[in-house]
Amino acid sequence: MNKSIVISFVCLFLSCSLISQDNGETVGGFYFGPKLGLTLGTQNWDGGERRPMANYHIALYTESLDPNLTGSLFAQVGYHSRGSGLNVVNLTLGFNSSQAFIYRNLNMTFGVKKRLLTSQASTPYYFVGVRGEYQLSNNLADVQNRFQLGASTLFYPVDIYVNKFTYGLAFGGGFEFAGSKFVQPGIEFTFSPDLNFQYRSPEIPSVINPYSGQPTSLPERKIRNLSFEISLVLRFLREVVYLD
């Protein structure tokens, strides 16, 4: 996501922070807080789904006030582990091992949120947003080194073809529980499909097939992420009252 889009979202978010007037007072401010929880990730490899991978995520977010219950804007930044699972069976060495391809990404999300039960302190809600991600690191070299004696490692992803930048959607919902005016807990569920590829390698010719000893070609590989996250959420209110 380029700089102009980020600035536009931030300006739009800030323009909605002062939106309530009552008895000669203008109330402004915003919500903010952490999100922390579990991630269940999978990937699409050239049209085929992979085994799921369990990991974790953490994020910080901010959200505009919504006193008229018409909807709010939110922005968040966080650390998210994306990827998929792998089950390795080696009949020669006699072991069965579970492993995962892990991409550790810095995530930035902007979106809109709508509460459903506007007359109650506890309410379900839904949201939709857009994501941009930057890969900080991965464990592809570790997987290659661990299973280097197995012929199947020829078909595993390698770091050189990983895309540092990815983007996609984020949508889901949750439930805000009744708390105090300034502190409110919640639980949230998020689906995060990627629109571009986390990994894309071209066709690689003249590779020696370990089974036949003959040269072969590795086909082009395109990999997208899909993650499901469940988060515990804390909402803190930063309120500013301006007297007219």
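This text follows the structure it describes.
Overview of the structure. (Residues numbered from 1 in each chain as written. Predicted model: local features only at pLDDT ≥ 70, side-chain atom pairs only at ≥ 80, totals over all residues. Heavy atoms only, no water.)

**Considerations on the overall build of the protein chain**
Piece 1. The helix and strand inventory of the protein chain stands at 2 helices and 13 strands.
Piece 2. Partitioning the intrachain contacts of the protein chain with sequence separation of at least 6 by distance along the chain shows that 69% fall at a separation of at least 24.
Piece 3. For the protein chain, the exposed area adds up to about 13200 Å²; of that, 63% sits on carbon and sulfur atoms. (Helix = DSSP H or I, 4+ residues; strand = E, 2+ residues; numbered from the N terminus. Contact = heavy atoms within 4.5 Å. Areas by Shrake-Rupley, 256 points an atom, 1.4 Å probe, with all protein chains shown as cover.)

**Considering the pattern of salt bridges**
Piece 1. The final tally for this structure, using the stated rule, is 13 salt bridges.
Piece 2. With a closest N to O distance of 3.4 Å, Arg-82 and Asp-194 form a salt bridge. Here Asp-194 lies in the loop between strand 9 (183-193) and strand 10 (199-201) and Arg-82 lies in strand 5 (residues 72-90), a separation of 112 residues in the sequence.
Piece 3. For Arg-82, a relative accessible area of 1% puts it in the buried group. (Salt bridge = Lys/Arg side-chain N within 4 Å of Asp/Glu carboxyl O. Buried < 20%, exposed > 50% of the residue type's maximum accessible area, 1.4 Å probe, protein only.)

**Brief notes about a nonpolar patch on the surface**
Piece 1. On the surface, a cluster of nonpolar side chains totalling about 650 Å² of accessible area is made up of Val-112, Val-128, Val-130, Tyr-167, Leu-169, Phe-171, Phe-191 and Leu-195.
Piece 2. Secondary structure elements with two or more residues in the nonpolar patch: strand 7 (123-138) and strand 8 (165-176).
Piece 3. At 3 residues, strand 8 tops the list of elements feeding residues into the nonpolar patch.
Piece 4. Along the chain, Leu-169 turns up in strand 8. (Patch = residues over 30% accessible without salt bridge, like charges linked within 9 Å, V, L, I, M, F, W, Y side chains within 5 Å.)

**Considerations on the environment of Tyr-125**
Piece 1. Here Tyr-125 lies in strand 7.
Piece 2. Tyr-125 gets classed as buried once you look at its relative accessible area, which sits at 5%.
Piece 3. Sequence-wise, Tyr-125 and Lys-113 are 12 residues apart; in three dimensions their C-alpha atoms are separated by 7.1 Å.
Piece 4. Not counting residues within four places of it along the chain, the set of residues in contact with Tyr-125 comprises Lys-113, Lys-114, Arg-115, Leu-116, Gly-172, Gly-173, Gly-174, Phe-175, Glu-176, Ile-187 and Glu-188.
Piece 5. Among the polar contacts listed, one links the side chain of Tyr-125 to the side chain of Glu-188, at a separation of 2.6 Å. (Polar contact = N/O pair within 3.5 Å; in protein donor to acceptor, adjacent residues only side chain to side chain.)

**Observations concerning the packing of aromatic side chains**
Centre-to-centre distance and the angle between the planes together describe a pair of aromatic rings.
Piece 1. For the structure on display, the rule yields 12 aromatic pairs.
Piece 2. Both rings, one in Tyr-161 and one in Tyr-199, keep their centres 6.3 Å apart while their planes meet at 85 degrees; by these two values the pair is edge-to-face. Separated by 38 residues along the polypeptide, Tyr-161 in the loop between helix 2 (140-146) and strand 8 and Tyr-199 in strand 10 bring together distant segments of the chain.
Piece 3. One aromatic cluster is present, built from ring pairs that chain together Phe-171, Phe-189, Phe-191 and Phe-228.
Piece 4. Sitting over the ring of Trp-45, Arg-50 keeps its end group 4.0 Å from the ring centre. (Phe/Tyr/Trp six-rings, centres within 6.5 Å; stacked < 30°, edge-to-face > 60°. Lys NZ or Arg CZ within 6 Å of the ring centre and 35° of its normal.)

**Some points on the side chain of Lys-35**
Piece 1. Summarising the element assignment, Lys-35 is placed in strand 2 (residues 25-45).
Piece 2. The exposure class of Lys-35 is buried, given its relative accessible area of 7%.
Piece 3. Separated by 2.8 Å, the side chains of Lys-35 and Glu-188 make a polar contact.
Piece 4. Those residues in contact with Lys-35, other than ones at most four positions away along the chain, are His-57, Ile-58, Ala-59, Tyr-61, Gln-76, Glu-188, Ser-231, Leu-232 and Val-233.

**Observations concerning the side chain of Thr-109**
Piece 1. Take Thr-109: it is sitting in strand 6 (residues 95-115).
Piece 2. Thr-109 sits in the buried class, given a relative accessible area of 4%.
Piece 3. Here the side chain of Thr-109 touches Asn-107 through a polar contact of 2.8 Å, side chain to side chain.
Piece 4. Apart from residues lying up to four places away in sequence, Thr-109 is in contact with Phe-74, Ala-75, Gln-76, Val-130, Arg-131 and Ala-170.

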